[in-house]
Every structure is written in C-alpha cells, then in structure tokens.
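# Residue-level structure breakdown
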Amino acid sequence: MRRIERLINLIAALLEAETPMTAEAIRKRIHGYETDNHEAFRRTFERDKADLKTMGIPLETRQLSTFGDDPPGYIIPKSSYYLPELDLEPDELAALRIAAGAVLGVEEEAGTGVMKLSMGAIDETSSAARLAWNADVAASQPLLGPLYAAVAERVPITFDYQPAGTDEPATRRVEPYALVHRKGHWYLVGRDDRSGETRTFKVARIAGAVKRNEGSYEIPPGFSTEGHVLTPTGGDNDDVVARIRFDKTLRWWPEQNLAGAAATDGPDGSYEVEMPVASLDALVAFAVWWGPKVEILEPPEARERMRQRLTDAAR
Amino acid sequence: VTQKSSDRLARRLQRILLLIPYAIKHPGVSVDELSAKFEVPRAALVEDLNLLFMCGLPGYGPGDLIDVDFDSGYVYVRMADYFAAPLKLAPVEALALYAGGAAMASMPEMDEADALRRALTKLGTALGTTDEGAPVVDVRFEADPSEHLKALQHALAAYRRVRIEYYSASSGELTTRDVDPWTLYAALGRWYLIGSDHQSGEERMFRVDRIKSAEMLGDHVEIPANFDPNAYSGAFRERSGQAIATFEISPRTTRWFEEYYPVRKATTGPDGWRSIEIAYGKPQWVASLVLSLGDEVRAVAPTEVAAATRTLAAEILKLYA
C-alpha cells in the first residue's frame, strides 16, 4: 500500500469516527498501518500525523479519560475539516476568480481557493484573455498561515522579532488581535507581553518560526486596527490641514489626484489646494519631493520648518 | 524523505481531496474535463482515480471502499459521502484571495465592483471577527485614484502603444514618452505601469498618479514572452550599473525607512544611527530623499549627491525667503 493511500484511509476513518480512535485501534483497523512491529508503526504514524497537520488537515489529539495513563485518541472533527458554506453567488465567485488570476506569487493557492468555493458553479480555469493587471499582495510570506491561525483561534504565540534598525532579534510573547495589510506589507497587531500594550509587528521582520503557547485570551472590546500601522506619513490619522500651491506646470496633479479638495486658482496660473496630512514633517517631506514647483502656504509652522530645513541643507 | 518529495505528496493529496468532492458533485464529468479543470495531465488524473480503489473505511469490504468508475471516460465516485465537501480554505488560499480582491476593488469603473464588494464582505466574515463583529483580517488597498487607469487598461486589452506625459520626480521634468504597456501593477499602495519606454529603449516602471495625460496610439504591442511581473516584487527593480549613495539615518527613521526604500546594505553605529547604502539613477532623486528626511539624515555621500542636495535646497528656499 502506498503512503498516499494510507493517508487517505486515515483521513476517511478519522472523519467518520464517532469517537476518537486510539493509536492501537488505528494500527489494527486502518488499512496501511497493520504491522506487528510497534516501533515501526509509531514512527509511521507520527510522521503521518505531522504531515497532515502541515497540510492544514485538522487532526486533533484528545485525552480519552481523566486518568493520565490512558492513551490519547485521534479524530478529525467534521466541523473543522469541511469548508463552511459561504453562500457566494455566481457573480461573486466570478469576481474572485478574476482577482485570483492577478495575485503575484500565490496565483495557484488563490486558484485552489476559488475552486473550493465554487465547485464548478463557474468556470474556474483562468480565461484565455490576458489579465491587464497584477497585484503584489505579499501573501507568499510563509508565516502568514500560522499567524492567521493564531489570530483566528486566539492562541498566544512567541516569536523572535527584529525591528528595523536593530541588529539582533528579541523574543516576544504576543496575544494576536488582527492581521493587517497596508501599502504592500503585512502586520500583526496584538498585545505585547513585555510592555502590556497593543503593538504592531511587521510580519517580514519576524525571524524563524512562530510558537503556539498554552492558554487563550479575548480581544478587548473596542479594539480597532485604526492607528496601529506606521507609514512614512506618520500614521493613519490626518491631523493637519495644509494649503499647498502647485505651479502652473503641475496644476494637473492636484486636479487629477486630489479631486474634491477645496481649491482656488493662484497667481500665474498656479493652483492652491487644501490637503489633510498626518503631521508637519509629513507635509514638509511631501512638498520637498516636488522641488521648487510646489510651495506650502499654510500652516505657518510648516513654512518655518521648511525654511529652517532648507537653510541648514543649503549650507 | 526530502522536502521536495513531501511537498509533492502534499500537493497531490490536496488535489485528490478536492477532486473527489468535485466528481461527487458532478456525476459523469469526463476525465478530460477534470484534467483541464485541475490543470494536470490526463495520465496523472487517471492515476489519482486509480488510487481510490484501495481507499475507504475500516472493514474495507465492498460496502466500505470508495466506489470509482471511469472506464467509459466519464467519472462516477460513490460511497465517499465523507468526502462530498472540500477541505476548508488553507490560510494562504483565503488570504491571497481576500487581498487580491481588495486590490481589484481599488480599480476604477469595474463591471464586477458590486459583486466583488459582496464577495469580500462574505470572505472577510468567514476569515473571522472579534466578538463585536470587526474582521480580524484587515486588508486596505488604497491605491491612488487616477483617471488614467481606465485608459491604460483599454490600451493593454487592445495591445496598443500609449503616449504619456509623465512627471519624473528625479528630474523634476514633465516629459512625453511612448510606452508599450505590458501590465498594470499594484504594489505598496500604488498603481504602476510597466512597459517598454521608447525614449530610453528600456523596460521601465511608471507611477500612474504621475501621468498627466495618456493617449492610445495605433501601434501594435508585442509583449516579450519572457516578461515576468514577479521581477517587480516590492515595486522596485534595480538596474545594473547604478551608482551608490550612502548616508546615515536617525534611530527614529529606521523604524520605517528600510520598508519603503530599496536599501542595499545597512549597519547600525554605536549611537544608534544607521548607515545606509542605496542605488540611484539621478543624484536629484537622492537629494529629494535627503531633504524629505531633514535632520533625520546626515553624512551624505558621494560629492555629486551632496552637491545636488545643496543646489536643490537653495532652489526651493527661494519660495520661503
């Protein structure tokens, strides 16, 4: 009997089992395991168990009695094996099918996902027409799976984390609250055991494996991902309203990209527009990238900061 | 057992666990159709089906084994009700779909927009929520709005060349270029146009929000067979022969800098400032970067970059004098 046949038999038996099966019952009853060599069986079964878990098959170990000496039993609960019904309409599946064809690096996984969800309700195979776009969603990052599982199951975890600008990773214990994607990067937001506060961890900076700890926790009421992910503009909150002048050669940019913002015509064909920004520093950085064609008009503190910065740099 | 052979086994098992419910749901589906759907050669598919003759429930008698019949070229799988529904989505399958859908939702004027929004709501709920119903997976794909995306999509679909007016941040100039569009690419919260630039004769990446105008031309576009959008992972592709600039950034800046700029090398000094190496095309680009960082940056080299920084600072300063 081939290994893959044995694994299919194991999955079938443990899915259909009404009560967990002990290792001994598995050895005696499941086709592919029968051997009188107990040590050989133990090794085979351990390897199969580990592989099924890696494949995402929810094989669970259950203590069958309160007496520690009794051997445990194994089962695959139907409720955690089967895909739950998502009630996706054919047009919804078709939209997901298009998205699946455009994700870079994980097209195959996304395609399998669509197949599982639709089961032939739509044409799952990618259409002959070339997709005119691609998206880099960075989902091929291998730690996303275990991190997502921890969030979904509320399992505390430990991992080594090396923030940007440090040379050594440090061990963190975290109760994960959410997995967040912003501007091409994935982040884990959760309670950091060391500080007792909600912290954000960039997934790409988690070194090595994620270890699941004992116990569970609750996500605090009122928790929101808002404001937990830093970007070059300082954060998610736009606290400063700036007034910026684009010269006549650049007025097309705010006209196209800041449509709806309060704006007026300025001198010499220029265009003056109001724009919310996260901080004075973010505003100054934004304006500098346009060179001498863009001028900050308000607030005055931003003009002063710009003058100071440029005076220092021009020396 | 090597990693490779166990990966192969895992893929095959996953395929079979999907193949069985598919065949149960579509009794009489042809072997050829299954082979096309699952993108495996017919022979491999037949091997998968042959395997099932030996599988079933303990007892393994005629009433316990899976009943497979495909002699006629049409497939019937019976006695496997426990495999009638597929295995739940693996995390990477669900996350790739959800994030890909979010990226797609950021495109303008899409026929599927409404259906996609409904799908994402259902998928987001299935991925899990807090006790208060907030999704625990939060994907935001706020690509810059741009009216030119649609025009570029049309040109791509028609395999036609485009003429764009493009503002280059490194030169501060607006130039007109003819580009053979190869793909639109969403990354780092922005849309990019990737294609062949006739002016330079090179493969280039253009930020869509910096395109002032886009016009479709009559010329037909051939996309090179070896073009691989994956080469633009992280929205950056280093060109050979670029010069290297070095500078130091403050401990505060290190918290985000290396996530956003293609740093080649970095080391932390005793005072926590970090020494950075970065490749550049035009010194003006590094000058803008340095000025955007203000006093969070020091020790800028080489001379041409330091000089460009002083010149640019003096030019902008005129506005604030």
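Residues numbered from 1 in each chain as written. Chains lettered and ligands numbered in written order. Predicted model: local features only at pLDDT ≥ 70, side-chain atom pairs only at ≥ 80, totals over all residues. Heavy atoms only, no water.

## Some words on the overall build of chain B
Note the threshold: Secondary structure follows DSSP: runs of H or I at least 4 residues long count as helices, runs of E at least 2 residues long count as strands, and numbering of each begins at the N terminus. All radius of gyration figures rest on C-alpha atoms, and the globule criterion is 2.2 Å times the number of residues raised to 0.38. Residue contacts follow a heavy-atom distance rule, with two residues in contact if any of their heavy atoms lie within 4.5 Å. Surface accessibility in these figures is a Shrake-Rupley result with a 1.4 Å probe; residues are shielded only by whichever protein chains are displayed. By the counting rule applied here, Lys and Arg register as positive and Asp and Glu as negative, while His and the ends of each chain are not counted. In plain terms, the charge of a residue is placed at NZ if it is Lys, CZ if Arg, CG if Asp and CD if Glu.
A tally of regular secondary structure across chain B gives nine helices and 13 strands. What you see for chain B is a C-alpha radius of gyration of 27 Å, clearly larger than the 20 Å of a compact globule of 321 residues, by over 25%. With the C-alpha coordinates of chain B rotated into their principal frame, the extents come out at 90 × 55 × 45 Å. Partitioning the contacts of chain B with sequence separation of at least 6, the portion at a separation of at least 24 is 55%. Carbon and sulfur atoms provide 49% of the accessible area of chain B, an area that totals close to 14,500 Å². Counting 35 positive and 44 negative side-chain charges, chain B places the averaged centre of each group 3 Å from the other.

## Some remarks on the nonpolar core
Formally: Only buried Ala, Val, Leu, Ile, Met, Phe, Trp, Tyr and Cys residues count toward a nonpolar core, and they belong to the same one when joined by side-chain atoms within 4.5 Å. The buried label applies to any residue whose accessible area, calculated with a 1.4 Å probe on protein chains only, is under 20% of its type's maximum; exposed applies above 50%, and partly exposed to all values in between.
In terms of nonpolar packing, the biggest core is built from 101 residues, with A:L117, A:L179, B:V137 and B:F247 touching the most fellow members. For this core, the element with the most residues is helix α4 (residues 91-105) of chain B, which contributes nine residues. Among all residues touching A:L117, those that are not within four sequence positions of it are A:L83, A:L86, A:L88, A:L93, A:L96, B:L89, B:L97 and B:L123. Counting residues in hydrophobic clusters, the runner-up holds 57 residues, among them A:A17, A:I26, B:L45 and B:Y82.

## Describing the packing of aromatic side chains
The condition that has to hold: Classification of ring pairs rests on two measures: the distance between centres of Phe, Tyr or Trp rings, Trp counted by its six-membered ring, which must be within 6.5 Å, and the angle between planes, read as stacked under 30 degrees, edge-to-face over 60 and tilted in between. Criterion for a charge above a ring: Arg CZ or Lys NZ at most 6 Å from the ring centre, at most 35 degrees from the ring normal.
Going through the model one piece at a time under the given rule, you end up with 27 aromatic pairs over all chains. Between A:F286 and A:W290 the ring centres are 6.3 Å apart and the planes differ by 65 degrees, which places this aromatic pair in the edge-to-face class. A centroid spacing of 6.4 Å and a plane angle of 50 degrees characterise the contact between A:W289 and B:W285, whose relative ring orientation is tilted. Pair noted here: A:W289 is in the loop between α9 (280-288) and β13 (294-298) and B:W285 is in helix α8 (residues 283-293), and the two residues belong to different chains. A cation over an aromatic ring shows up here: B:R210 above the ring of A:W290, its NZ or CZ 5.3 Å from the ring centre.

## With respect to the side chain of A:K202
Note the cut-off: Each polar contact in these results corresponds to two N or O atoms within 3.5 Å; when the atoms are within protein, one needs to be able to donate a hydrogen and the other to accept it, and residues that are neighboring in sequence are counted only if both atoms are side-chain atoms.
Secondary-structure assignment places A:K202 in strand β8 (residues 197-202). Among the polar contacts made by the side chain of A:K202, one reaches the side chain of A:H185 at a distance of 2.9 Å. Excluding residues that lie within four positions of it along the chain, A:K202 makes contacts with A:Y161, A:H185, A:W186, A:Y187 and B:E259.

## Considering the confidence of the model for chain A
For clarity, the cut-off: pLDDT measures the predictor's confidence residue by residue and takes values from 0 up to 100.
Residue-level pLDDT values for chain A average 88, and 93% of them are 70 or greater. Ignoring residues within four places in sequence, the model shows residues 232-237 of chain A, a span with pLDDT below 50, making 13 contacts including any to other chains.

## Concerning the sheet that holds strand β13 (residues 297-301) of chain B
Whether parallel or antiparallel, the strands of a sheet pair through hydrogen bonds between backbone atoms. Residue and element names in this part refer to chain B. Convention followed: Strand pairing is assigned whenever DSSP detects at least two bridges linking the two strands. What counts as an axis is a line fitted to C-alpha atoms, over the stretch in contact for a helix, and the angles between N-to-C directions run from 0 to 180 degrees.
Spatial strand order, β11-β12-β10-β13: four strands in an open sheet with antiparallel pairing. Each edge of the sheet is formed by a strand with only one pairing partner; in this case those strands are β11 (263-268) and β13. Across this sheet, the average inter-strand angle for adjacent strands is 20 degrees, counted without regard to direction. Bridge analysis of strand β10 (residues 243-249) against strand β12 (residues 274-280) gives seven bridges, and the strand direction is antiparallel. Looking across to β12, one finds that I244 is bridged to A279. Across the sheet, α8 is in contact with β10, β12 and β13; its angle to β12 comes to roughly 145 degrees. Sheet strands touched by helix α9 (residues 303-317): β10, β12 and β13. Its angle to β13, the strand with the most contacts, is close to 125 degrees.

## Focus on the pairing of β12(B)
Working note: regular strand, side chains alternate between the two faces of the sheet. Residues and elements named next belong to chain B. Counting buried positions along β12 yields five of seven residues, so the element is predominantly enclosed. Sheet topology note: the β11/β12 ladder contains five bridges and is antiparallel. Across the sheet, residue T267 finds its bridge partner in β12, namely S275. In this antiparallel pair of consecutive strands, β11 and β12, the connection spans five residues, and G272 shows a positive phi of 90 degrees.

## Observations concerning the side chain of B:K37
Residue and element names in this part refer to chain B. With respect to the helices and strands, K37 occurs in helix α2 (residues 31-37). The class for K37 is buried, based on a relative accessible area of 14%. A polar side-chain atom of K37 sits 3.4 Å from a polar atom in the side chain of Y22.

## Brief notes about the interface of chain A and chain B
Basically, it comes down to this: Reported buried area values correspond to the accessible surface (1.4 Å probe) lost by two parts on association, with both partners' losses combined. Salt bridges are defined by distance alone: a side-chain nitrogen of Lys or Arg within 4 Å of a carboxyl oxygen of Asp or Glu.
Taken residue by residue, the interface counts 124 residues in chain A and 120 residues in chain B. Between chain A and chain B the total buried area reaches about 11,000 Å² when both faces are included, carbon and sulfur atoms providing 63% of it. In this structure, the connection of chain A to chain B is made through seven salt bridges. With a shortest N-O distance of 2.9 Å, B:E93 and A:K116 are connected by a salt bridge.

## Examining unusual backbone geometry
Residues A:E298 and A:P299 are joined by a peptide bond in cis, for which omega reads -5 degrees. In this structure, the amide linkage connecting B:A301 to the following residue, B:P302, adopts the cis form with an omega of 0 degrees. Position of B:P302 relative to the elements: it lies in the loop between β13 and α9. Notably, A:A138 is not glycine yet its phi reads approximately 55 degrees, a positive angle. By the element assignment, A:A138 lies in the loop between β4 (133-135) and α7 (144-153). Looking at A:A138, the relative accessible area reads 24%, which means it is partly exposed. The backbone phi angle of B:Y159 is positive, close to 55 degrees, even though this residue is not glycine. Looking at where B:Y159 falls in the secondary structure, it is placed in the loop between α6 (148-158) and β5 (160-168).

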